Amino acid sequence: MMSSADQAFICSRIPHRPPFLWIDTILELSEQGILAAKTIPADLELFQGHYPDYPLMPGVLLCEAVFQAGAVYISELLAREGEEQGSPAAPTAVPVLTRILGARFKREVRPGDAIEIRVSPKERLAAAWFLKGTVRVQGKVAVQVEFACALKGAESGADKGA
């Protein structure tokens, strides 16, 4: 379950909110990447329709957990860069998914499972970030995905309505 401190930190970095927030806690966060965790609630309404006799967490939502962890990572790095430049306020630009470069689904995630989500950077080009992420369940790889994010909002010069 997400503690209020974890939720407050996560919500200070990304715009996602329950019921579409797929990260419970941040276990590690550094320039090298982020390690987050989520316990998949057994009573999620989506399990009523996603293989009701054998409920599975949809792969697209596991990827979304990776993308959200990546956005927290990027936002935190931007906040740290701002602090170093004397601007302690949280960044106003938001990392937005722009490309999924590939996803591999290797293991099922079931109701009640605890997952670990790790994201690390591959490359940064101005306001574009290329990252790779992994979801593990019971210590074994469930999903691997590479993706890209771009900054949208005031700091990126993009229209806020984009």
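The coordinates are above.
Treat the numbers as computed from the prediction; the structure is a model and nothing was measured. (Residues numbered from 1 in each chain as written. Predicted model: local features only at pLDDT ≥ 70, side-chain atom pairs only at ≥ 80, totals over all residues. Heavy atoms only, no water.)

(A) Broad picture of the overall build of the protein. Of the regular secondary structure elements, the protein holds two helices and six strands. Counting from the amino terminus, helix and strand elements in the protein follow one another as α-β-β-α-β-β-β-β. When each of the 162 residues of the protein is scored for burial, the buried share is 43%. The long-range share in the protein, meaning contacts at least 24 apart out of those at least 6 apart in sequence, stands at 63%. (Helix = DSSP H or I, 4+ residues; strand = E, 2+ residues; numbered from the N terminus. Buried < 20%, exposed > 50% of the residue type's maximum accessible area, 1.4 Å probe, protein only. Contact = heavy atoms within 4.5 Å.)

(B) Fine view of the pairing of strand β1 (residues 25–30). Relative to strand β2 (residues 33–39), β1 is paired through five bridges, and the arrangement is antiparallel. The residue bridging Glu28 from the neighbouring strand is Leu35, located in β2. Connecting β1 to the antiparallel partner β2 that follows it, the hairpin turn spans two residues. (Pairing = 2+ DSSP bridges.)

(C) Molecular detail of the pattern of salt bridges. A full pass over the atoms with the stated rule returns six salt bridges. The partner of Glu81 in a salt bridge is Arg124, and the shortest N-O contact between them spans 2.6 Å. One end of the pair, Glu81, is in helix α2 (residues 59–84); the other, Arg124, is in strand β4 (residues 114–125), and 43 residues separate them in sequence. Note on Glu81: relative accessible area 27%, which makes it partly exposed. Taking the shortest distance from any N to any O, the salt bridge between Glu146 and Lys122 comes out at 2.8 Å. (Salt bridge = Lys/Arg side-chain N within 4 Å of Asp/Glu carboxyl O.)

(D) Structural context of the packing of aromatic side chains. Applying the stated criterion to the full structure yields three aromatic pairs. Relative to Trp22, the ring of Phe20 lies with its centre 6.1 Å away and its plane at 80°, an arrangement referred to as edge-to-face. Between Arg110 and the ring centre of Tyr54, over which it is positioned, the NZ or CZ distance is 3.9 Å. (Phe/Tyr/Trp six-rings, centres within 6.5 Å; stacked < 30°, edge-to-face > 60°. Lys NZ or Arg CZ within 6 Å of the ring centre and 35° of its normal.)

(E) Region of interest: the sheet that holds strand β6 (residues 140–152). A sheet is described by the order of its strands in space; here six strands give the open sequence β1-β2-β4-β5-β6-β3, paired in antiparallel fashion. Looking at strand neighbours, the two that pair on one side only are β1 and β3 (94–105), the edges of this open sheet. Within the sheet, the average angular offset between the axes of one strand and its neighbour, ignoring direction, is 20°. Looking at chain direction, strand β5 (residues 128–137) and β6 are connected through ten bridges and run antiparallel. Opposite Phe130, over in β6, you have Ala148 as the bridge partner. Of the strands in this sheet, β1, β2, β3, β4, β5 and β6 are in contact with α2, which crosses β6 at around 50°. (Axes fitted to C-alpha atoms, helices over the stretch in contact; angles between N-to-C directions.)

(F) Representation of the nonpolar core within the structure. In terms of nonpolar packing, the biggest core is built from 41 residues, with Met57 and Ile117 touching the most fellow members. The greatest single-element share of this core, amounting to 13 residues, is contributed by α2. In this structure Ile117 touches Trp22, Ile34, Leu35, Ala36, Ala37, Lys38, Ala65, Val66, Ala69, Thr134 and Val135, once residues within four positions along its chain are discounted. (Core = buried A, V, L, I, M, F, W, Y, C linked by side-chain atoms within 4.5 Å.)

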